[in-house]
Amino acid sequence: MEVAQQRADAQQRAVTEHILALADQAGYGAALIDVAARGHAEAGVITWPQFARMVRAAAGGLSRRGLQEGDTAGIFVGDAVSHAVAVHAVRAAGATVTAVRPTRSAADIAAQLKAGRARLLITSAELAELAIQAAERSWVRQVFAFGEAEGTTPFDSLVQTPRHGQVHADDASGPSAGLAAEHQVFDLADLELGADRVAPQLIRRPVPRLTWRDVVVAAPPCGDPEAYTSLLDLALAAGTTVVAAPLAQVTAALGVYKGTAAIVPRGTDVPGLPAGRILAAG
């Protein structure tokens, strides 16, 4: 492995360590809210303590199933909550993430998995058929899925706590509270991901500074997968609440959850948000 790649992997693992340390100090506010599957009325919510426990438990489960330090795991999921949990579980296990570029081609996905030398793939139930087709054309030997899907192992089997608690949107629309003062502001420069790890547009223009008071509405994985991952890192490392919503529901979610920023595909118009609060994923 090249030195530059080793450094980038170490920096990404450091981001995960920062986020988990932040979660340990946080109160019981929402870290992640998933409106994609159930809608606003029964949004799935993961609090900061639940997120930390889930990530660490899943990391242990992945390790028990053979994922080792230096290995690569592919991530091909359908929402920001699953993406965040999977990314940090893989990193916490000491492995490297290759986030799959959104595509409908199994051959393209397989090519990326082979290029990244991935031996494990994490997907979502609605993407499982395509994920399995890609896995069969690559070196992937294990496929885990959020939800039930034939031919996959449930991601929930890696953890001992439920993935989502059921609450009403009105009870979970505020940002988390109780974060330590030194973690209240976190920007792209602090991440130290390197110019080769983020989308060019993030380097050319300022990225807004986020704090634990922000609520970031995130569309499903889109655009440049590394940029998308970096933007979710940015949001979680600041202690924000991340609301995962389908692209068509981003504007509505901003209203329901009092969102202050959004992660969307490049070129997406988000009514009600100034341009500087729209984080383009490339």
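Residues numbered from 1 in each chain as written. Predicted model: local features only at pLDDT ≥ 70, side-chain atom pairs only at ≥ 80, totals over all residues. Heavy atoms only, no water.

1. Some details on the packing of aromatic side chains
In total, this model carries two aromatic pairs according to the counting rule given. Look at Trp48 and Phe51: their rings are 6.3 Å apart centre to centre, the planes differ by 85°, and that puts the pair in the edge-to-face class. One end of the pair, Trp48, and the other, Phe51, are both in helix α2 (residues 48-64), three residues apart, so they sit about a helical turn from each other. The same class applies to Trp48 as to Phe51, namely buried. Both rings, one in Phe146 and one in Phe155, keep their centres 4.3 Å apart while their planes meet at 25°; by these two values the pair is stacked. Given the relative accessible area of 6%, Phe146 is considered buried. What makes Phe155 buried here is its relative accessible area of 1%. (Phe/Tyr/Trp six-rings, centres within 6.5 Å; stacked < 30°, edge-to-face > 60°. Helix = DSSP H or I, 4+ residues; strand = E, 2+ residues; numbered from the N terminus. Buried < 20%, exposed > 50% of the residue type's maximum accessible area, 1.4 Å probe, protein only.)

2. Quick word on the pairing of strand β13 (residues 261-264)
Looking along a regular strand, one sees the side chains alternate between the two faces of the sheet. What you see with β13 is no split at all: Ala261 and Ile263 on one side and Ala262 and Val264 on the other are buried throughout. By the bridge criterion, three bridges tie strand β11 (residues 215-218) to β13 in an arrangement that is parallel. For Val217, the partnering residue across the bridge sits in β13 and is Ala262. Examined bridge by bridge, β13 and strand β14 (residues 278-280) share three bridges and lie parallel to one another. Each bridged residue has a counterpart across the sheet, and for Ala262 the counterpart in β14 is Ile278. (Pairing = 2+ DSSP bridges.)

3. Looking at the packing of helix α3 (residues 80-92) against helix α8 (residues 225-237)
Across the interface, α3 lies against α8 with an axial gap of 11 Å and an inter-helix angle of 85°. Considered as vectors, α3 and α8 are oriented roughly perpendicular to each other. In this structure, α3 contributes Ala80, His83, Ala84, Val87, His88 and Arg91 to the contact, and α8 contributes Tyr228, Thr229, Leu232, Asp233 and Leu236. (Axes fitted to C-alpha atoms, helices over the stretch in contact; angles between N-to-C directions. Parallel < 35°, antiparallel > 145°, perpendicular 65-115°, else oblique. Contact = heavy atoms within 4.5 Å.)

4. Things to note about the pattern of salt bridges
Overall, the coordinates contain four salt bridges when judged by the stated rule. Arg56 serves as the salt-bridge partner of Asp24, at 2.8 Å between the closest nitrogen and oxygen. With Asp24 in helix α1 (residues 3-25) and Arg56 in helix α2, this residue pair connects regions lying 32 residues apart in the sequence. Asp233 serves as the salt-bridge partner of Arg91, at 3.0 Å between the closest nitrogen and oxygen. Pair noted here: Arg91 is in helix α3 and Asp233 is in helix α8, with a separation of 142 residues, a long-range link. Of the two residues, Arg91 and Asp233, both sit in the buried class. (Salt bridge = Lys/Arg side-chain N within 4 Å of Asp/Glu carboxyl O.)

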